[in-house]
Amino acid sequence: MLNFQPGGYYLVNTDGEVYSIEEARIKDRNLQALVDSEVYKKSSTKRAPHIELMKKLKVAGYEELSDPGHVIFKPKGNLIFDLLADRTLQIALELGANLVKTPIFYDLSFKSISEHARLFGQRMYKVKSGKRTFALRYAACFGQFSLLSDSTLSYRDLPLKIFELADSYRLEQRGELIGLNRLRKFHMPDMHILCLNIKEAKIEFEKICKRCLEEGHRFGWNYTSLYNVSKDFIEDPKGLDYVRSLVKMEGNQVLLHVVESGMYYWIINIEFNFVSQQGRIIESSTAQIDVGNAERFNISYVDEEGKERRPVIIHTAVIGSLERFMADLLEKASSLKTPSLPTWICPVQVRIINVGIDSLQFAIKLAENLNINSIRADVDDRSESVAKKVANAEVEWIPYVVVVGKKEVEGGNLSVRVRSVRKKLEMSEEELVKTVKEETKGWPYRPLYFNILVSKRPSFV
Ligand SMILES: [Zn+2]
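Calculation rules
Residues numbered from 1 in each chain as written. Predicted model: local features only at pLDDT ≥ 70, side-chain atom pairs only at ≥ 80, totals over all residues. Helix = DSSP H or I, 4+ residues; strand = E, 2+ residues; numbered from the N terminus. Buried ≥ 20, exposed ≤ 12 C-beta atoms within 10 Å, placed from the backbone. Contact = placed C-beta atoms within 7 Å. Pairing = 2+ DSSP bridges. Axes fitted to C-alpha atoms, helices over the stretch in contact; angles between N-to-C directions. Parallel < 35°, antiparallel > 145°, perpendicular 65-115°, else oblique. Nonpolar A, V, L, I, M, F, W, Y, C, P; charged D, E, K, R; others polar. Domains from an automatic or database assignment. Expected span 1.5 Å × (residues − 1). Arc of directions from axis to C-beta.

## Comments concerning the environment of Val 416
In step 1: Residue placement: Val 416 occurs in strand S22 (residues 414–418).
In step 2: Looking at Val 416, the number of C-beta atoms within 10 Å reads 20, which means it is buried.
In step 3: In the structure, Val 416 is positioned 390 residues away from Ile 26 in sequence and 46 Å away in space, judged by C-alpha atoms.
In step 4: With residues near it in sequence (within four places) discarded, Val 416 still touches Tyr 400, Val 402, Lys 424, Leu 425, Met 427 and Leu 432.

Following this line, the structure appears as structure tokens:
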């Protein structure tokens, strides 16, 4: 039996074996990258490819007139952002959450706020107004806890889920700010789940961890997990068995980090990390079991016997900061043979290219039809050569490109360049609609955030 030490790192295999980090055999290169970064503090110093891509694809840029770590999203980036936001909403609704909106700053003269904020130390962003000092929220906890504290809750209401897409603020050190990965202002789709007791919390926690992992798979990656646990929790055989069952569910080795009991409000805090091709660790999804804040924020429910009880609270972000997910998507894209984004989130899904002026009206009509069918299509109507326009669509990673000339105007099939397979396919308009619809099924949709004609767009689009 291992002796778990605070500050110690261990490896848990899928068969339940636990090793100290010195003895462990690490099978996976992503896990090795996590161990190097977390245990040995050796982070990848390679430049993150997504930083170049956010400029090249005109997604986002730094805002010099603001504080460092605040970005400006250009129309294409804003569209990607909103689609991700819609996805978080889809997940919250599917999980049966209650959707709220709460203020962004909180008065530090309240004990509950200052105690919670103290855990953040240097990273807290403050705002002064008159004689009062406020902490800018770093997630949605304050507002949601305050609402729950003011509510009369019954055991029948639990497990209770509450969700907010919260703009959040952390005063990261300047040297730590990396592209979209680490910012001072970001958006956290923050959900809290109130549970009757630790038993129910464990069940809900396992479900939500499963959901976090599945969402990663849907986006096309496997997470590499870091389990932070309190000494008390992991020393209890029931706690250790629980951790083993989670690792088994994951189907991958995980890194376990033990912290002093009572040091944090949680007893288990899982970070699901995206590992880039360069070995950079991006914490992209998270879940924690909190046993401290119900007391601190005076949140209670009435049990079957009419007694007041403290719930156990799960904190989770299935998509953990939209900006980081954008970084993940771009990092993932850069590692592919044909760099690309999933079609549902591509700012332009279909590009229509007209051959000369004679086919322009046809091209516009076709693009309009596609947009009516909830497909983002535009027209490159500039007076450039077809070859140049096709090359341009490639630079923008547009998945479907349709060149229309005399043949198409006269009613022929469309000749569609499908980027993912590097092939030109003949299809009717209906078949094109069906193909794109099939590929984007179940994901959110938003219309174009810019002019349908490429010639009518300012240089920042
Ligand atoms: Zn929280």
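So much for the structure itself; the text now carries on.
## Some thoughts on the sheet that holds strand S23 (residues 423–427)
In step 1: Read from one edge of the open sheet, five strands run S20-S19-S21-S22-S23, paired in mixed fashion. Every interior strand has two partners, whereas the edge strands, strand S20 (377–380) and S23, have only one. Shown here is a sheet whose adjacent strand axes are inclined to one another by a mean of 30°, direction ignored.
In step 2: As defined by bridge partners, strand S19 (residues 350–354) adjoins S20 across four bridges and the pair is classed as parallel. Paired with Arg 351 across the two strands is Asp 378, which belongs to S20.
In step 3: Sitting on the sheet, helix H11 (residues 360–372) is in contact with S19, S20 and strand S21 (400–404), with an inclination near 165° to S20.
In step 4: Running at roughly 25° to S22, helix H14 (residues 429–440) makes contact with S19, S21, S22 and S23 of the sheet.

## Overview of the packing of helix H2 (residues 49–56) against helix H10 (residues 322–335)
In step 1: One can describe the packing of H2 onto H10 by two numbers: an axis separation of 9 Å at closest approach and a directional angle of 100°. Looking at the two axes, H2 sits roughly perpendicular to H10. Here Pro 49, His 50, Leu 53 and Met 54 of H2 lie close against H10, whose contacting residues are Ala 327, Leu 330, Glu 331 and Ser 334.
In step 2: For the contact of H2 with H10, the per-class residue count stands at five nonpolar, two polar and one charged.

## Concerning the sheet that holds strand S14 (residues 266–275)
In step 1: The strand order across the open sheet formed by ten strands is S2-S1-S13-S12-S14-S15-S18-S11-S10-S5, and the pairing between neighbours is mixed. Either end of the sheet is taken by a strand with one partner, and the two such strands are strand S2 (18–20) and strand S5 (98–99).
In step 2: Of the pairings in the sheet, the one linking strand S15 (residues 281–290) to strand S18 (residues 312–317) comprises five bridges and is antiparallel in character. Within S18, the position partnered with Ile 289 by the bridge is Ile 314.
In step 3: Contacts from helix H6 (residues 198–219) reach strand S11 (185–195), S14, S15 and S18, with the element oriented near 165° to S15.

## Remarks on the pairing of strand S8 (residues 132–136)
In step 1: Sheet topology note: the strand S6 (residues 105–107)/S8 ladder contains three bridges and is antiparallel. Bridging from a neighbouring strand, Asp 107 pairs with Phe 134 of S8.
In step 2: Direction of pairing for strand S7 (residues 126–129) relative to S8: antiparallel, over a ladder of four bridges. In the strand pairing of S8, Ser 129 is matched with Arg 132.
In step 3: Here S7 hands over to S8 after two residues, with Gly 130 in that stretch at a positive phi of 60°.

## Section: unusual backbone geometry
In step 1: In this chain, Leu 158 is followed by Pro 159 through a cis amide linkage whose omega measures -5°.
In step 2: Along the polypeptide, Pro 159 turns up in the loop between strand S9 (153–154) and strand S10 (160–169).
In step 3: Notably, Asn 298 is not glycine yet its phi reads approximately 55°, a positive angle.
In step 4: Mapped onto the fold, Asn 298 is located in the loop between helix H9 (293–296) and strand S16 (301–302).
In step 5: Owing to 14 C-beta atoms within 10 Å, Asn 298 belongs among the partly exposed residues under this scheme.
In step 6: Unlike most non-glycine residues, Ser 374 shows phi in positive territory, near 60°.
In step 7: Counting through the fold element by element, Ser 374 comes out in the loop between H11 and S20.
In step 8: Judged by the 14 C-beta atoms lying within 10 Å of it, Ser 374 falls in the partly exposed class.

## As for the domain arrangement of the chain
In step 1: Here the chain is described as being made up of domain 1 (9–335) and domain 2 (343–456).
In step 2: Measuring from the centre of the C-alpha atoms in domain 1 to the corresponding centre in domain 2 gives 38 Å.
In step 3: Contacts between the two partners involve ten residues from domain 1 and, on the opposite side, six residues from domain 2.
In step 4: Of the residues belonging to the side of domain 1 that touches domain 2, the class tally is four nonpolar, two polar and four charged.

## A short note on H11
In step 1: When the terminal C-alpha atoms of H11 are compared, their 18 Å separation across 13 residues agrees well with the 18 Å that a helix rising 1.5 Å per residue should span.
In step 2: Within H11, the full set of buried residues consists of Ala 363, Leu 366, Ala 367 and Leu 370. For H11, the arc enclosing every buried residue in end-on projection is 95°, short of the 170-degree limit, so these residues lie on one face. Facing away from the buried surface of H11 by more than 90 degrees, the exposed residues are Gln 361 and Ile 372.
In step 3: Elements that come into contact with the buried residues of H11 comprise S19, S20, S21 and H14.

## Comments concerning the environment of Val 71
In step 1: With respect to the element layout, Val 71 can be found in strand S4 (residues 71–73).
In step 2: Taking the C-alpha atoms as reference points, Val 71 and Leu 183, 112 residues apart in sequence, are found 8.1 Å from one another.
In step 3: Those residues within four positions of Val 71 in sequence are excluded, and the remaining contacts are Ala 60, Gly 61, Tyr 62, Glu 63, Leu 180 and Leu 183.

## Quick notes on the pairing of S15
In step 1: Along S15, nine of the ten residues are buried, which leaves the element largely enclosed by surrounding structure.
In step 2: Note that S14 and S15 share nine bridges and pair antiparallel. Of the residues in S15, the one forming a bridge with Glu 271 is Thr 286.
In step 3: Remark: five residues form the turn of the hairpin made by S14 and S15, two consecutive strands paired antiparallel; Gly 279 in that turn has positive phi of roughly 80°.

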